[in-house]
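The chain contents come next:
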Amino acid sequence: MKTTARMFKALSDETRLRILCLLLEGELCVCDLMEVLQLPQSTVSRHLAYLKNSGWVDDRRCGVWMYYAIPVSVSEFQKDLIGTLRNVLPSLEAAASDRLRLNELSRNNICA
């Protein structure tokens, strides 16, 4: 029960929902998330740590960059929640705005 409560608690923050929505598109580095969300590194990293500790994201290091993604292997319960997030989050105004910034960022390739 504690794990389930921690997973739901992680979804109770707008910034974390915005991060998850972006990660539903694929793996991103912290610098990408900072640029898209227009938040400082410390804030983004704190939210990513919370998401990682609650099982919502995995990370990997590549040189100096930290990359985050939705885990490939998750419980059936979490798969259902991810499906719901995929259906609901993209229709929210903040998510649409974030996606536009992410597309612009991808064109300019800031982190490469």
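Small disclaimer: the values here were computed from a predicted structure and weren't measured.

What about the packing of helix H2 (residues 14-23) against helix H4 (residues 41-53)?
- The interhelical angle for the contact between H2 and H4, taken along N-to-C directions, is 75°, at an axis separation of 10 Å. By the angle class used here, H2 and H4 are roughly perpendicular. Along the contact surface, H2 presents Thr-15, Arg-16, Ile-19 and Leu-20, while H4 presents Val-44, His-47, Leu-48, Tyr-50 and Leu-51.
- Of the residues belonging to the contact of H2 with H4, the class tally is six nonpolar, two polar and one charged.

A short note on the side chain of Asp-98
- Relative to the assigned elements, Asp-98 resides in helix H6 (residues 93-108).
- The residues touching Asp-98, leaving out its near neighbours within four places in the chain, are Arg-18, Leu-22, Val-36 and Leu-37.

Some points on helix H5 (residues 76-88)
- Relative to the 18 Å expected for 13 residues at 1.5 Å per residue, H5 spans 18 Å between its end C-alpha atoms, a close match to the ideal helical length.
- Among the residues making up H5, those that are buried are Gln-78, Leu-81, Ile-82 and Leu-85. Along the axis of H5, the buried residues cluster in a sector spanning 100°; they form a single face. Away from its buried face by more than 90 degrees, H5 exposes Glu-76, Asp-80 and Asn-87.

Conventions adopted
Residues numbered from 1 in each chain as written. Predicted model: local features only at pLDDT ≥ 70, side-chain atom pairs only at ≥ 80, totals over all residues. Heavy atoms only, no water. Axes fitted to C-alpha atoms, helices over the stretch in contact; angles between N-to-C directions. Helix = DSSP H or I, 4+ residues; strand = E, 2+ residues; numbered from the N terminus. Parallel < 35°, antiparallel > 145°, perpendicular 65-115°, else oblique. Contact = heavy atoms within 4.5 Å. Nonpolar A, V, L, I, M, F, W, Y, C, P; charged D, E, K, R; others polar. Expected span 1.5 Å × (residues − 1). Buried < 20%, exposed > 50% of the residue type's maximum accessible area, 1.4 Å probe, protein only. Arc of directions from axis to C-beta.

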